[in-house]
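One letter stands for each residue in the lines below.
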Amino acid sequence: MQQRNIALYIILSFVTCGIFFFYWYYCIASDMDRFDTPTKVSTSPAVSLLLLIVTCGIYGWYTWYIWGNQSSEIMAMYGRPTDNNRGVLYLVLAIVATSVINMGLLQNDLNSLSAPP
């Protein structure tokens, strides 16, 4: 799992009018797919990206909810502080605000897992 610069990825997502967002989404889907947890998106990262595009983002709401819950489970597995409502938080942020916020939050969790405690 690679550490990614969150600020740079957010800026690139806006500068490229969202094209870089799809690459970042695929990277996060690949990272989340590596963890074997009870809560997991059942599709491959490529299929998740394709469904995100085909459904005009609605499939993303599902993945954000699942990834939020999976993130809580992963953080608990590694003994990191977490809350159990991340799925709901990510879903609400994806619907009301923008998924780029979710990307930053989830990438922060993934970055903290690849760094020593």
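Structure first, text after, so check above.
Analysis parameters
Residues numbered from 1 in each chain as written. Predicted model: local features only at pLDDT ≥ 70, side-chain atom pairs only at ≥ 80, totals over all residues. Heavy atoms only, no water. Helix = DSSP H or I, 4+ residues; strand = E, 2+ residues; numbered from the N terminus. Rg over C-alpha atoms; globule rule 2.2 N^0.38 Å. Buried < 20%, exposed > 50% of the residue type's maximum accessible area, 1.4 Å probe, protein only. Contact = heavy atoms within 4.5 Å. Polar contact = N/O pair within 3.5 Å; in protein donor to acceptor, adjacent residues only side chain to side chain. 1 Å grid on protein atoms, 1.4 Å probe; cavity = no way out; pocket = protein on both sides within 12 Å on 5 of 7 lines; lining within 4 Å. Points joined across faces, edges and corners; volume = space filled by probe spheres on them. Nonpolar A, V, L, I, M, F, W, Y, C, P; charged D, E, K, R; others polar. Phe/Tyr/Trp six-rings, centres within 6.5 Å; stacked < 30°, edge-to-face > 60°. Axes fitted to C-alpha atoms, helices over the stretch in contact; angles between N-to-C directions. Parallel < 35°, antiparallel > 145°, perpendicular 65-115°, else oblique. Left-handed = near helix turned anticlockwise from the far one by under 90°.

### A closer look at the overall build of the protein chain
Okay, so step 1: Along the protein chain, the regular secondary structure elements total six helices and zero strands.
Okay, so step 2: Secondary structure elements in the protein chain, listed N-terminal to C-terminal, are α-α-α-α-α-α.
Okay, so step 3: The globule rule puts the C-alpha radius of gyration for 117 residues at 13 Å, and the 13 Å found for the protein chain is close to it.
Okay, so step 4: Residues counted as buried form 44% of the 117 residues belonging to the protein chain.
Okay, so step 5: In the protein chain, 62% of the contacts between residues at least 6 apart in sequence involve partners at least 24 apart.

### Digging into the environment of Thr 16
Okay, so step 1: The topology assignment puts Thr 16 in the loop between α1 (6–15) and α2 (19–33).
Okay, so step 2: A polar contact of 3.0 Å, which involves the side chain of Thr 16, links it to the backbone nitrogen of Phe 20.

### A word on empty space enclosed by the protein
Okay, so step 1: For the structure shown, the criterion picks out one cavity of 30 Å³ or more.
Okay, so step 2: Contributing to the lining of the largest cavity are Ala 29, Met 32, Asp 33, Lys 40, Val 41, Thr 43, Ser 44, Pro 45, Ser 48, Trp 67 and Gln 70.
Okay, so step 3: A breakdown of the residues in the lining of the largest cavity according to their chemical character gives five nonpolar, four polar and two charged.

### Observations concerning the packing of aromatic side chains
Okay, so step 1: Under the definition given, this model contains 11 aromatic pairs.
Okay, so step 2: Pairing Phe 35 with Tyr 78 gives two aromatic rings, centres 6.3 Å apart and planes at 85°, and the pair type is edge-to-face. Placement of the pair is Phe 35 in the loop between α2 and α3 (45–54) and Tyr 78 in the loop between α4 (58–77) and α5 (86–96), with a sequence separation of 43 residues.
Okay, so step 3: For Phe 35, a relative accessible area of 9% translates into the label buried.
Okay, so step 4: Members of the aromatic cluster, connected to one another through ring pairs, are Phe 21, Phe 22, Tyr 25, Trp 64, Trp 67 and Tyr 90.

### Things to note about the layout of surface pockets
Okay, so step 1: In this structure, the largest pocket occupies an estimated 150 Å³ of space.
Okay, so step 2: Phe 21, Leu 52, Cys 56, Gly 57 and Ser 99 are, among the 13 residues lining the largest pocket, the residues nearest its centre.
Okay, so step 3: For the lining of the largest pocket, the leading source of residues is α4, giving three residues.
Okay, so step 4: Tallied by class, residues from the lining of the largest pocket come to nine nonpolar, four polar and no charged.

### Considering the environment of Asp 109
Okay, so step 1: As for its placement among the helices and strands, Asp 109 is situated in helix α6 (residues 99–114).
Okay, so step 2: Asp 109 sits 63 residues away from Ala 46 along the chain, and the two C-alpha atoms are 22 Å apart.

### Observations regarding the packing of α1 against α6
Okay, so step 1: Interaxial distance between α1 and α6 falls to 10 Å at its minimum, and their mutual angle equals 155°. Judged by the inter-axis angle, α1 sits roughly antiparallel to α6. In this structure, α1 meets α6 at a crossing whose hand is right-handed. For the pair α1 and α6, contact is made by Ile 6, Ile 10 and Phe 14 and by Val 100, Gly 104, Gln 107, Asn 108 and Asn 111, respectively.

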